[in-house]
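Structure at a glance
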Amino acid sequence: MSQLQRIAIAPSQFQQGQILLTKEQQHYLGRVLRLREGDRFIAMDGKGKWWLAQLAGEQARVLETLLVETELPVSITLMVALPKGNGFDEVVRCCTELGVTCIAPVLSDRTLLHPSPQKLERWRRIAAEATEQSERSFVPTILEPVTFNTGLSFANSQQYICVARGEFPHLKDCLQHKGQMTNDIAQSQSAGFLCSELCKTGQETIVIATGPEGGWTTQEVDNAIAFGFQPVSLGRRILRAVTAPVVALSLITAACEV
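Description of the structure in this document. Residues take numbers from 1 onward in each chain, read along the sequence in its written order. At least 70 in pLDDT is required for a residue's local features to be given in this predicted model, at least 80 for side-chain atom pairs to be given and counted, and no such filter applies to totals for whole chains, interfaces and linings, which use all residues. Water and hydrogen atoms were dropped before computing side-chain values, which therefore reflect all heavy atoms in the structure.

**With respect to the nonpolar core**
Our working rule: Buried Ala, Val, Leu, Ile, Met, Phe, Trp, Tyr and Cys residues that are joined via side-chain atoms within 4.5 Å together make up what is termed a nonpolar core. Working definition: with a 1.4 Å probe on protein chains only, accessible area under 20% of the residue-type maximum means buried, over 50% means exposed, and in between means partly exposed. Helix numbers and strand numbers start at the N terminus; a helix is a DSSP run of H or I with at least 4 residues, a strand a run of E with at least 2.
Counting 34 residues, the largest nonpolar core has Leu78, Phe88, Val92, Tyr160, Leu171, Ile208 and Ile252 as its most contacted members. For this core, the elements supplying multiple residues, two or more each, are strand E7 (75-81), helix H2 (87-98), helix H3 (117-133), strand E11 (157-162), helix H4 (171-186), strand E12 (205-210) and helix H7 (244-256). Take this core: its biggest share by element is 6 residues, from H7.

**Topic: the side chain of aspartate 45**
Here is the rule: Neither His nor the chain ends is counted toward charge; the positive residues are Lys and Arg and the negative residues Asp and Glu. Put simply, a salt bridge is a Lys or Arg side-chain nitrogen that is within 4 Å of an Asp or Glu carboxyl oxygen. Counted as a polar contact is a pair of N or O atoms within 3.5 Å, where, for protein atoms, one must be capable of donating a hydrogen and the other of accepting one, and residues adjacent in sequence contribute only when both atoms are in side chains. The contact rule is simple, with two residues in contact once any of their heavy atoms fall within 4.5 Å.
For aspartate 45, the position within the fold is in the loop between strand E4 (40-44) and strand E5 (50-56). Nearest to the buried, unbridged aspartate 45 among oppositely charged side chains is lysine 49, at 5.3 Å. A distance of 3.4 Å separates the side chain of aspartate 45 from the backbone nitrogen of glycine 48, its partner in a polar contact. Of the polar contacts made by the side chain of aspartate 45, one reaches the backbone nitrogen of lysine 49; its length is 3.1 Å. Apart from the residues lying within four places of it in its own chain, the contact partners of aspartate 45 are Ile9, Pro11 and Trp51.

**Digging into unusual backbone geometry**
Of note in the backbone geometry, glutamine 16 takes a positive phi value of approximately 50° without being a glycine. With respect to the helices, strands and loops of the structure, glutamine 16 is situated in the loop between strand E2 (14-15) and strand E3 (18-20). Residue classification places glutamine 16 among the exposed residues on the basis of a relative accessible area of 81%.

**Section: helix H6 (residues 218-226)**
Where we set the bar: Think of it as the arc spanned by the lines of direction from the helix axis to the C-beta atoms.
Every buried residue of H6 is accounted for by Glu220, Val221 and Ala224. Taken end-on, H6 shows its buried residues confined to a sector of 100°, consistent with a single buried face. Exposed positions of H6 whose direction lies more than 90 degrees from the buried face are Thr218 and Ala226. In the core, the buried residues of H6 are packed alongside E11.

**With respect to the pattern of salt bridges**
A complete count under the given rule lists 7 salt bridges for this structure. Linking lysine 23 and glutamate 58 is a salt bridge whose minimum nitrogen-to-oxygen distance equals 3.9 Å. Within this pair, whereas lysine 23 is found in helix H1 (residues 23-32), its partner glutamate 58 is found in the loop between E5 and strand E6 (59-66), the two being separated by 35 residues in sequence. What makes glutamate 58 exposed here is its relative accessible area of 51%. A salt bridge links arginine 124 to glutamate 121; the shortest N-O distance between them is 3.6 Å.

**Considerations on the environment of phenylalanine 229**
Structurally, the position occupied by phenylalanine 229 is in the loop between H6 and strand E13 (230-232). Taking the C-alpha atoms as reference, phenylalanine 229 lies 4.6 Å from glutamine 159; in sequence the two are 70 residues apart. When neighbours within four sequence positions are excluded, phenylalanine 229 is seen to be in contact with Met79, Leu152, Phe154, Gln159, Tyr160, Ile161, Val207, Ala209 and Ala224.

**A short note on the packing of aromatic side chains**
Put simply, the test is: Each Phe, Tyr or Trp ring, with Trp reduced to its six-membered ring, pairs with another whose centre is within 6.5 Å; inter-plane angles below 30 degrees give stacked pairs, above 60 give edge-to-face pairs, and intermediate values give tilted ones.
In total, this model carries 3 aromatic pairs according to the counting rule given. Residues phenylalanine 88 and tryptophan 123 carry aromatic rings whose centres are separated by 4.6 Å and whose planes lie at 70° to one another, so their mutual orientation is edge-to-face. A residue pair is termed long-range when its members are at least 10 positions apart, and phenylalanine 88 in helix H2 and tryptophan 123 in helix H3 qualify at 35 residues.

In short, geometric facts, not functional conclusions.
What follows is the structure, encoded as structure tokens:
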């Protein structure tokens, strides 16, 4: 089953046990993947549903619904100050593979890139492709870019802002501390990682913000703190704007994976 080819479809394409294929999907399945009438593949709607389907002309017949459990037990929102060039493409791709739920591109005081609407569509397409590749159930939401201060308001979440310089605790230690507090409450014998109870419920949201080339300004860090963000470090080395999000997501994924 895992070796079958996968394609992403819109939820509206699933109708009465059939999947109505677009011309582009027909071309991809037939000309690129070389599938023939009767061959099987996996269709995913990016909203949590997977189906085993069989190619039948311009449609595909659904053979069965598949249960896929590849998502993290917590919701992760990544706020990324847009890097210059096409660096954000790779951020979207890698962080989708790592399990991010929502990516919020922000314009900081030092942001050099002011993307066009076409860029947003490109990022969403990259997220969909990375979801297929990494066998995820949900395609991450890619929000429209907003100013950093506009995007700071989050309710009922753990909020961290990564700061390159300064005496701040490491993100890893903050996650371990949260996990230890929960483990103590539960009187668990296992020490270590992030909130086992919250991971079980899947209700917890973690918001992590990473900065642009040159880092956040002092005012931006102060504003984030005022909104409840905790400043954290990703280590002693200075990371590139496209590296920091991947490092932060890797730490959270390692902490939450069950």
